[in-house]
Amino acid sequence: MSVMAQDDQSAAMELVGRLEHLAVGAGVAAALQAAVRLGVPEAVGDDPTEVSEVATRTGAVPGPLGRLLRALERQGVFEEASPGRYRHNALSRLLRDDAPYGLKHLVLWLGAPWTWQAWPLLDEAVRDGKAVVPEIFGKDFYSYLTQDAPESARLFDKAMTAVSSLSSRQVAGAIDLTGADSVVDIAGGQGHLLRTLLARHPHVRGTLFDLADTVADAVPELRADGAYGDRCRLVPGDCLDGVPVKADLYILKNILDWPDENSLRVLKNIGATAAPGARILVIDSVMDADPEEMRVTSVIDLFMLLNVGGQRHTRREFEALFEKAGLELTGTEAVSGTFPTLHLVQAIIPG
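Here goes a summary of the coordinates provided.

Definitions and cut-offs
Residues numbered from 1 in each chain as written. Predicted model: local features only at pLDDT ≥ 70, side-chain atom pairs only at ≥ 80, totals over all residues. Heavy atoms only, no water. Disulfide = S-S within 2.5 Å. Buried < 20%, exposed > 50% of the residue type's maximum accessible area, 1.4 Å probe, protein only. Pairing = 2+ DSSP bridges. Helix = DSSP H or I, 4+ residues; strand = E, 2+ residues; numbered from the N terminus. Axes fitted to C-alpha atoms, helices over the stretch in contact; angles between N-to-C directions. Phe/Tyr/Trp six-rings, centres within 6.5 Å; stacked < 30°, edge-to-face > 60°. Contact = heavy atoms within 4.5 Å. Parallel < 35°, antiparallel > 145°, perpendicular 65-115°, else oblique.

### Considering the state of the cysteines
And then number 1: Under the counting rule described, the total for this entry stands at zero disulfides.
And then number 2: Unpaired in this structure, C232 has its nearest cysteine sulfur neighbour in C239, at a distance of 17 Å.
And then number 3: Note on C232: relative accessible area 10%, which makes it buried.
And then number 4: On the basis of relative accessible area, C239 is assigned to the buried category, the value being 6%.

Below, the structure written as structure tokens:
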């Protein structure tokens, strides 16, 4: 075989290996989720631990558990200090209960039981552009979560809290509140971002606007007897029905990822209440940003297609959405230090 032929074969085998790694991605995700559910991150220590000891602590069979740890170690999760003895590395340590950010909840949410029924139908979702969850369960995604999958609903809340805690400080530091005395965080969850903003800007008054059950679970600092209770209101409501709050700045963080008709409805609801000159700040991924940034979010974009028929947007798509809502796009900037990389997409209520 010639040197050129050998080079061609080596290149082909490298491509085959890369494609195989992509094809077993579901298995990698399942291994990660299995380790979390078994409690392996709590059973492994920073000092090397025998697989048999990890098995005793987790109630697993040593042989299969060793194979699970081996598979994860090959993906860079955990470290094999010597044959059959594992310890934490920086990545695996993030999966522990006592790790910052609560990333184990995000891992479990992305692999919730319903996802294993939905992903195989991705071709159908791409073919007709519609969510598959209603087809599988006979009801919309959020009704399914609240009515039939309470554990998945709890995971969703915890995962969103984890994502918010990862980015709130950087996002709050990037938001320009010049000329803004009042802020409303629409569908702001438990209020992690709003809490951070109120802590940084003592002159600002805030409103957390979300569904009744969600605002009832707001972080303690935002409640009436909390540190910022004198500057914060908790207002229950559904932004699809209306946004009955006047403010200088309206924040929508990771909200406009559902179908565009819903996003347009929310933006018009804000426009119906807000005074001319009020600002709208969308905090989200931008799909035509740096390709490396989009390796995860481009897949999450498909995840949203499956569950709610939603999508994430390019800059041009945001501009078109704002134009339809009668708003004026004023700028887009990346927020450094967030993962996935978030952007501030800003618009203004025309006078």
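Moving on from the coordinates now.
### A look at the sheet that holds strand β4 (residues 182-186)
And then number 1: Spatially, β6-β5-β4-β7-β8-β10-β9 is the arrangement adopted by the seven strands of the open sheet, whose pairing is mixed. On the outer flanks of this sheet lie β6 (232-236) and β9 (328-335), each paired with one strand and no other. Mean inter-strand twist for the sheet, computed between neighbouring axes without regard to direction, equals 20°.
And then number 2: Where strand β5 (residues 205-210) lies against β6, five bridges are found, and the strand directions are parallel.

### Digging into the packing of aromatic side chains
And then number 1: In the structure shown here, the tally under the stated rule is eleven aromatic pairs.
And then number 2: A ring pair is formed by F137 and Y144, whose centres lie 3.9 Å apart and whose planes are at 15°; its orientation type is stacked.
And then number 3: On the accessibility criterion, Y144 (10% relative accessible area) is buried.
And then number 4: Each residue in the set W109, W114, W119, F141, Y142, F156 and F303 is aromatic and connected to the rest through ring pairs, giving one cluster.

### Brief notes about the environment of A278
And then number 1: Relative to the elements of secondary structure, A278 occurs in the loop between α15 (260-273) and β8 (279-284).
And then number 2: Residue A278 is classed as buried on the basis of its relative accessible area of 5%.
And then number 3: In this structure the C-alpha to C-alpha distance between A278 and I349, which are 71 residues apart in sequence, comes to 5.4 Å.
And then number 4: Each residue touching A278, except ones within four places of it in the same chain, is listed here: A247, D248, Y250, A347, I348 and I349.

### Describing the sheet that holds strand β2 (residues 79-82)
And then number 1: Strand order in the open sheet formed by three strands is β1-β3-β2, and the pairing between neighbours is antiparallel. Of all the strands in the sheet, the pair left with one neighbour each is β1 (49-50) and β2.
And then number 2: Pairing geometry for β2 and strand β3 (residues 85-87), over three bridges, is antiparallel. Paired with E79 across the strands is R87, a residue of β3.
And then number 3: Each of β2 and β3 touches helix α5 (residues 62-74); the most contacted strand, β3, lies at about 50° to it.

### Side note on the packing of helix α4 (residues 51-58) against α5
And then number 1: Contact geometry for α4 and α5: axes closest at 9 Å, N-to-C directions at 110°. Comparing their axes, α5 and α4 come out roughly perpendicular. Taken together, the residues of α5 that come into contact with α4 (itself represented by V51, V54, A55 and T58) are P62, L65, G66 and L69.

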